[in-house]
Amino acid sequence: MSETEQQQGNSDKKQEIRLPDVPVLVLSGEKTVWLTADGEIEEESISSAQARIEECPPLLVHRLAVARRLGLNPFTAFDILELFAFTFPAKLALPTPKGIAKSLKIQTGDTLEEQALSLYEAVNFLLTHLMKLGPEENKQASRIAATMGRAGWNWAPFVLSALGQTENAGPLGGLDVWKHVKEWPDFAPEPPPDDVSISEQEARDRLKELLHTSAEPRPQQADFSAAASHAFIPRDQEDAPHVVLAEAGTGTGKTLGYIAPASVWAEKNGGAVWLSTYTKNLQRQIDDELDRLYPEPDVKAVKAVVRKGRENYLCLLNFEEALQGGAARGPDLIILGIVARWVLATRDGDMGGDFPGWLHELTGAGRVMRLADRRGECIYSACPHYRKCFIEKSTRKARKADIVIANHALVMINAASRPDDPGLPKRYVFDEGHHLFDAADSAFSAHLTGLETSELRRWVAGSDGGRKGRMRGLEKRISDLLGESEAGHDALQTAIQAARQLPSDGWLKRLNDGLPAGPAEQFLVYVKQQVLARSGQPDSPYSIECSAVEFVPGLDETAFVLEKALGGLSKPLADLAKALIKRLDEEAEDLDTATRLRIEAAVQGLSRRTNTMIKPWQAMLSDINEPTPDMFVDWLSIERIGGRDFDMGYYRSWIDPTVPFATTLLKPSHGAVITSATLKDSAEAEEGWQAADLRTGAHQLILPPKRTTHMSPFDFKERTKIIVVTDVRRDHMAEVASAYRELFLAAGGGGLGLFTAIWRLRAVHEKIAPALAKAGIDLFAQHQDALDTSTLVDIFREEENSVLLGTDAVRDGVDVPGRSLRLLVFDRVPWPRSDIKHKARRSAFGGSRYDDMLTRLKLKQAYGRLLRRETDFGVFVMLDSMMPSRLTSAFPPGVEIERLGLKDAIALTRNFIAQKENEIKNISLDKQG
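On a predicted model such as this, the values are computed, not experimentally measured, just so you know. (Residues numbered from 1 in each chain as written. Predicted model: local features only at pLDDT ≥ 70, side-chain atom pairs only at ≥ 80, totals over all residues. Heavy atoms only, no water.)

Student: It is not clear to me how the packing of helix H4 (residues 80–87) against helix H6 (residues 112–131) should be interpreted in this structure. Could you clarify?
Tutor: A pair of packed helices can be characterised by two numbers: the angle between their axes and the separation between those axes. Closest axis-to-axis distance for the H4/H6 pair is 10 Å, and the angle between their directions is 25 degrees. With respect to H6, the element H4 is oriented roughly parallel. Judged by the sense of rotation from one axis to the other, the crossing of H4 with H6 is left-handed. Residues Ile80, Leu83, Phe84, Phe86 and Thr87 of H4 pack against Leu119, Ala122, Val123, Leu126, Leu127, His129 and Leu130 of H6. Of the residues assigned to the contact of H4 with H6, the class counts are 10 nonpolar, two polar and no charged. (Axes fitted to C-alpha atoms, helices over the stretch in contact; angles between N-to-C directions. Helix = DSSP H or I, 4+ residues; strand = E, 2+ residues; numbered from the N terminus. Parallel < 35°, antiparallel > 145°, perpendicular 65-115°, else oblique. Left-handed = near helix turned anticlockwise from the far one by under 90°. Contact = heavy atoms within 4.5 Å. Nonpolar A, V, L, I, M, F, W, Y, C, P; charged D, E, K, R; others polar.)

Pasting the structure below:
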């Protein structure tokens, strides 16, 4: 057959779409709906559906989430999410029938019957799209689908039928997609930016441009933007940056408010402004807002870059090794096929960006994230994919960008590990500034634990089992960089041998068996003994701890042995760095750019681990019998998840982590905006700025910050109610659960339940699930559903009558405008966790006043979730009659705090929500009239 005839044959085949001859399954509450292949709609109970699933694999959305809601083990199914991810890689959609329909612009309704019909339509849409792929993409997709089919992917026959051809997959099954990734271009280093100031008026003018003439003017937003411009004035003194502390109430529009002056400064000075956030959700929101500044995608791709830690990006070498390592078969090969499709479509290789979050859970988070460089094992220019590396591409784009959207952790690590790097930014905006204290606490703490030390061993010595893949030690990564340096090679071998004194794989089991190997494991044995002996609840399913004083016999002796072993590792690592630096100097004329950059990266990695890990550990151990230095707090801990030990060790944190934050980042900068809706504690004198100064490091600066407050435009008194329930005993979970159930039912869903402990969340979830299901209210929960937190929040935002239960991550990460959030219920006052670290800070920062401040800020943050736009409304309920009145200053002035019994609280909730919904309905009718 000629090539033309073959193409004609393929074209003919693609005229017919082959669909799976299986029923569709959708569920909500305690009801399931089946749409048979014959078009019949059948409604069944959960128990009937459990038996029916075994008869025929259904077509559904998110197989694992459905299995969990049905109380079943994972079962075989045609999961439309897999087909969606294959067909539209790098496109986001909610993992629900309505979410898929919305992403594909398919009309559907709220009933399960309509949603079931939409899934058939969605499958048809997806397969039809595959039929229309261009020749090259068709060829690539066919090879990948054929490989996935041989691994057992049940969608493969239908995908291949739609594509109209069967390709010879080749030795890597068509998954060698790195061949098609574009190389990043190289440029000369950017000159340092100018230092021309911008005026308040320039900031206001840029804001008008971003909002366009049709936008409703917000005076608070314009004032905020003008105030933020003061961070972009040239500084007059070393270590004296211009810092602006700006509290901007909900609805101020602070994102565009700070983008305005930042973008003007970047354009005028030819430098980048880094916008730093605490959560990935806000990174995504800022990225979306930048569409106003850069409406042309090609321009935005150059001017704006999202930066995250390297552990977020796919490593092409890890992906290649996963294919070649012999483990790629069955489910793993199916996962790699979906990832291969994504690699060809992704914007920047960010597995937390345009890689759908539900794919992590659907395929197994560990299977996906092992493809990233999570252990710092990058070999840089020695990698065959270096010129295509997503991390390198992102790093280089950031050097030429005007706006870089980063996160607090990355910004702090960069500043701490590369203090002399001239490429570090000089202008910052820290959004979610109330999290700077906690971010600095994580970035500048020292954890001498089993996991940390075993990870260091792997980084230096590689895998002990000789396994291929993501266990490359220093010898594989940098031995060729040493050239003919005998001293360097000797130092490398000495470091590898010294690293083998640290814990290897299986260390936790050996500790449990009483068979420790090496000085680190010997030390951990005594740590475990002391924690178990002195903890108040050694059998607790949660993490336990004790003070690092009056050590059990043997602990200090093993600490000194371990300190000596760490010294035996620190010295050769330092010698290794010196040998590499010496080569840079002696062979400056001969080294090519790629090798020079690789050597510099290696030196940076060696220095970071020596200076920020090993040396702090040595200091902790060498002075173990001395009092802890005044600026630190030490403790011993056993970390547990679900009642099982997973780590243990000796911990040290700064009592005030803003000290190293201010020293390493704020002072070297030239200007910074620190903003949040919850910077201040309104119970304090001087308008509450003491808390903001303390939590942001502003009190460490020579030049006082500019402090500015921008009130929310919302009418909280009119649009919210705050209730403290007085007759529910907070420690009686049956009563707490009953209160949650009745309040959610009274609101008809649209409820967010917040909890101070995971076990309380789970107890309430178990008790309220049947009643909500019977009422047709979908219940989602952190730590219960097979979905990541970000996806759960996205679903909650779209499903107006659902309920979401969560802990701190949900309280701080929810941005839900509209009626999807009309009720917020807190199980009890969110007092700080009373652990050793908090005890030390409490003593240093004012005792009970410090507890009150932290608690008010949490309440303020939670309450602020209710109103995200002017038409929003909601009820805030605290199920803790012991809530003291001194905490109520967390709420806006003028909003009455009503203390009611549960019966009256339920009635008030029902009536207030009904009243506000009627008002909105009447306004809508008036507009139509």
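Read on, since the account is not over.
Student: How should the pattern of salt bridges be read in this particular structure?
Tutor: Where side chains of opposite charge bring their charged atoms close, a pairing between them can arise. With the rule as written, the count across this model stands at 59 salt bridges. For the salt bridge of Glu392 with Arg396, the shortest nitrogen-to-oxygen distance reads 2.4 Å. Separated by four residues within a single helix, Glu392 and Arg396 lie in helix H18 (residues 390–400), roughly one turn from each other. The same class applies to Glu392 and to Arg396, which are both buried. The shortest N-O distance in the salt bridge between Asp441 and Lys837 comes to 2.8 Å. Placement of Asp441 in helix H20 (residues 436–443) and of Lys837 in helix H35 (residues 836–844) is noted, with a sequence separation of 396 residues between them. (Salt bridge = Lys/Arg side-chain N within 4 Å of Asp/Glu carboxyl O. Buried < 20%, exposed > 50% of the residue type's maximum accessible area, 1.4 Å probe, protein only.)

Student: Just checking my understanding: could you explain helix H8 (residues 156–163) for this structure?
Tutor: Counting along an α-helix, one turn takes 3.6 residues, and residues three or four places apart therefore face a common direction. When you tally the buried positions in H8, you get six out of eight residues, the bulk of the element. Among all positions in H8, only Ala156, Phe158, Val159, Leu160, Ala162 and Leu163 are buried. Against the buried residues of H8 lie strand S5 (78–79), H4, H6 and helix H7 (135–150). Directly after H8, the chain includes Gly164, whose backbone phi takes a positive value near 80 degrees.

Student: Even after reading the chapter, I still don't get the packing of helix H29 (residues 689–696) against helix H36 (residues 848–863), so can you show me in this structure?
Tutor: Orientation of H29 relative to H36, taken along the N-to-C sense of each, is 90 degrees, at an axis distance of 12 Å. Relative to H36, the element H29 lies roughly perpendicular. Packed against H29, whose contacting residues are Ala691, Leu694 and Arg695, the element H36 presents Tyr850, Met853 and Leu854 at the interface. Across the contact of H29 with H36, the residue classes break down as five nonpolar, no polar and one charged.

Student: Where do I start with helix H10 (residues 219–228) in this structure?
Tutor: Taking burial as the measure, the 10 residues of H10 include seven buried ones, the bulk of the element. Those residues of H10 lying buried are Gln221, Ala222, Phe224, Ser225, Ala226, Ala227 and Ala228. Contacts made by the buried residues of H10 are with helix H9 (200–211), strand S6 (242–248), helix H11 (254–269), strand S15 (671–676) and strand S16 (706–710).

Student: When you look at the state of the cysteines in this model, what are you seeing that I'm missing?
Tutor: Each disulfide consists of one covalent bond between the sulfur atoms belonging to two cysteines. Per the counting criterion, the structure on display carries zero disulfides. In this structure Cys389 is not part of a disulfide, and its nearest cysteine sulfur, from Cys378, lies 5.7 Å away. (Disulfide = S-S within 2.5 Å.)

Student: Can you help me understand the confidence of the model for the protein chain in this one?
Tutor: The predicted coordinates ought not to be read in detail in places where the model reports low pLDDT. Mean pLDDT over the protein chain works out to 90, with 95% of the residues at or above the 70 mark. Taken element by element, the predicted model of the protein chain shows its lowest mean pLDDT in helix H1 (residues 3–13) (43) and its highest in strand S10 (residues 427–430) (98). Here residues 1–14 is a poorly scored stretch, pLDDT under 50, and it has 10 contacts once near neighbours within four places are set aside; other chains count. (pLDDT = per-residue confidence, 0-100.)

Student: It is not clear to me how the sheet that holds strand S23 (residues 897–900) should be interpreted in this structure. Could you clarify?
Tutor: The strands making up a sheet are joined through hydrogen bonds of the backbone, oriented either antiparallel or parallel. Read across the sheet, seven strands follow the order S19-S20-S18-S21-S22-S17-S23 without closing on themselves; strand pairing throughout is parallel. With one partner strand each, in any of the chains shown, strand S19 (779–781) and S23 form the two edges of the open sheet. Neighbouring strand axes in the sheet, compared pairwise and without regard to direction, differ in orientation by 20 degrees on average. Direction of pairing for strand S17 (residues 720–725) relative to strand S22 (residues 874–878): parallel, over a ladder of five bridges. Bridge pairing in S22 links Ile723 to Val877. The strands touched by H36 are S17, strand S18 (751–754), strand S21 (823–826) and S22; relative to S22, the strand with the most contacts, the crossing angle is about 150 degrees. (Pairing = 2+ DSSP bridges.)

Student: How do you make sense of the nonpolar core when you look at a structure like this?
Tutor: Taken as a class, soluble globular proteins show a tendency for nonpolar side chains to be buried jointly. Core analysis: the largest hydrophobic core is formed by 109 residues, its most contacted members being Val159 and Phe876. The leading source of residues in this core is H6, at 10 residues. What Val159 contacts, discounting residues up to four positions off in sequence, is Leu83, Phe86, Leu127, Leu130, Ala145 and Trp153. Residues Ile478, Leu502, Ala548 and Met620 belong to the second largest nonpolar core, which totals 56 residues. (Core = buried A, V, L, I, M, F, W, Y, C linked by side-chain atoms within 4.5 Å.)

Student: What should I look at first to understand the sheet that holds S15 in this one?
Tutor: With parallel pairing, seven strands are arranged side by side in an open sheet as S8-S9-S7-S10-S15-S6-S16. The sheet is open, and its two edges are formed by strand S8 (304–306) and S16, each paired on a single side. Strand-to-strand twist across the sheet, computed as the mean angle between neighbouring axes with direction ignored, equals 15 degrees. When S6 meets S16, the two strands line up parallel, connected through five bridges. Bridge assignment links Ala248 to a residue of S16, and that residue is His710.

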